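Structural characterization, general
For reference, the chains in residue letters:
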Amino acid sequence: MSIFDHLEELRERIFVSVLAVGVAMLACFAFSKDLIFFLEAPVSSQGVRFLQLSPGEFFFTTIKVPVIQLLLGQTGLVTGEQMLSVWRYVVVGAVIVAAVLTPSTDPLTQMLLAGPLIGLYLGGAFLVKFTAPRGEIS
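Presented here is an overview of the structure given in this document. Model, not experiment: these values are computed from the prediction.

Quick look at the pattern of salt bridges
This model, assessed by the stated rule, comprises two salt bridges. In this structure, Glu-8 engages Arg-11 in a salt bridge whose closest nitrogen and oxygen atoms are separated by 2.6 Å. In this pair, Glu-8 and Arg-11 both sit in helix H1 (residues 3-30), three residues apart, roughly one turn of the helix. Owing to a relative accessible area of 34%, Glu-8 belongs among the partly exposed residues under this scheme. The salt bridge involving Arg-13 is made with Glu-9; its shortest N-O contact spans 2.8 Å. With Arg-13 and Glu-9 both in helix H1 and four residues apart, this pair spans about one turn of that helix.

Side note on the side chain of Gln-69
Turning to its location among the elements, Gln-69 is positioned in helix H4 (residues 64-75). Judged by its relative accessible area of 5%, Gln-69 is buried. Not counting residues within four places of it along the chain, the set of residues in contact with Gln-69 comprises Met-83, Leu-120, Tyr-121, Gly-124, Ala-125 and Val-128.

Thresholds, definitions, all that
- Residues numbered from 1 in each chain as written.
- Predicted model: local features only at pLDDT ≥ 70, side-chain atom pairs only at ≥ 80, totals over all residues.
- Heavy atoms only, no water.
- Salt bridge = Lys/Arg side-chain N within 4 Å of Asp/Glu carboxyl O.
- Helix = DSSP H or I, 4+ residues; strand = E, 2+ residues; numbered from the N terminus.
- Buried < 20%, exposed > 50% of the residue type's maximum accessible area, 1.4 Å probe, protein only.
- Contact = heavy atoms within 4.5 Å.

The quantities given are spatial measurements derived from coordinates; they are silent on function.
Okay, here's the thing in structure tokens:
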């Protein structure tokens, strides 16, 4: 097989894998309540409950970050450069918030929560930087 044949086979396998993960995610969302009850069953007698945010609640909570950034940038209280200069603190803060809010101790779950927060913050900071009035860009 040539390199192009290998690449074509790899592309097909990646496509099938992504499709299978997508179908599995849809199935999990369809049966999410049943899955939560199943996963809570071993510890429910001890009064343990999972913190559950629906995807819509999480989305609308985190989407406020760039909106607030844009409002602060448009009023001139903060510039995009100022927001981008504190990105290290935002990363640490997002990881700490994710560690507190996630019900488990595994780092994957924490990063799955911290990642969108960091991405939205950086996206909002770049949005403020590029939508700043012409006279205010330094």
